[in-house]
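# Notes for the structure review
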Amino acid sequence: MSSTARWKLPLAIGLVAVVVAVLFAVLGGKPTVEPPPREATTPAPAPPPAAPARPAAPALSAGSQADPLDRFLMTQPDEAAAAPAGSPVKLEELRAKLPDNLYWELDAPTTDPQVLEKRAEAKRKWNEVFGKIQSGDATEEEIHRYYDYRRKRSEDNLAIANLMISEYGDKLREEERGLIDLSIRMHQDRLKEVPRQTADALERKALQDKRREEWIRNGKKP
């Protein structure tokens, strides 16, 4: 290689380096190739709102289970009203046949405020007696009176339900007949339980009386 060529080669390399440096400075050191655009992401759907919690069913005291018979009887301005539209049952006809039945006093459909107030007072009174029975503090007379009332109420509801079957059985809709049959079974079961419940209540009273006597002997207040 001639001396002239050896001199020109470093000069050319230096010029290329200068040009590259100038371009890099002008472009700010950024790459000339743009990155591909980012794909738009679809936001995840929000979870559905939680369903509101269902209220717990209220606790029922002994003998307070609703009578299925009442589920298809419509509350009307007076307790002698008929059953819902389309039903053959006429309560006024049943009442004429069983006028002294306890059902009319305690369970028949009504909006009469005096009757409703009387029922509420009776319910309060019997609940107090039941509370004493549960704690063993009721007298024997109260125990027998309470379970006689329970027995009488179920017997009278059975009489009404059976009369509905005998008077309107072939005209009742399937749902109505099913509810009446369910009411009959419920009150039959309640009647079967009355002797055992009475015996349990008397036994609970005897045990409480024995404990009370022991407290008194030991100088303690009952």
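Residues numbered from 1 in each chain as written. Predicted model: local features only at pLDDT ≥ 70, side-chain atom pairs only at ≥ 80, totals over all residues. Heavy atoms only, no water.

### Topic: the overall build of the protein chain
Each helix and strand counted, the protein chain has six helices and zero strands in total. For the protein chain, the α and β elements follow one another from N to C terminus as α-α-α-α-α-α. Across the 222 residues of the protein chain, 28% fall into the buried class. At a minimum sequence separation of 6, the contacts of the protein chain that also span at least 24 residues come to 65%. For the protein chain, the accessible surface area stands at approximately 15900 Å², while carbon and sulfur atoms represent 58% of it. (Helix = DSSP H or I, 4+ residues; strand = E, 2+ residues; numbered from the N terminus. Buried < 20%, exposed > 50% of the residue type's maximum accessible area, 1.4 Å probe, protein only. Contact = heavy atoms within 4.5 Å. Areas by Shrake-Rupley, 256 points an atom, 1.4 Å probe, with all protein chains shown as cover.)

### Things to note about the packing of aromatic side chains
One pass over the structure, following the stated rule, counts five aromatic pairs. Between the aromatic rings of Trp126 and Tyr146, the centroid separation amounts to 6.0 Å while the plane-to-plane angle is 55°, which identifies the pairing as tilted. Taken together, the residues Trp126 in helix H4 (residues 113–135) and Tyr146 in helix H5 (residues 140–168) connect sequence positions 20 residues apart. On the basis of relative accessible area, Tyr146 is assigned to the buried category, the value being 4%. With a centroid separation of 4.3 Å and 5° between ring planes, the pair formed by Trp126 and Tyr149 is classed as stacked. Taken as a pair, Trp126 in helix H4 and Tyr149 in helix H5 lie far apart in primary sequence, 23 residues in all. Both residues of the pair, Trp126 and Tyr149, belong to the buried class. (Phe/Tyr/Trp six-rings, centres within 6.5 Å; stacked < 30°, edge-to-face > 60°.)

### Points about helix H6 (residues 174–217)
Taking 1.5 Å per residue, 44 residues should reach 64 Å; H6 reaches 64 Å between its end C-alpha atoms and fits that length. The sharpest bend along H6 reaches about 35° and sits at Val194, with the proline Pro195 one to four residues further on. Of the residues one or two after H6, Gly219 is the one with positive phi, at around 75°. (Expected span 1.5 Å × (residues − 1). Bend = angle between axes of the 7 residues up to and from the residue.)

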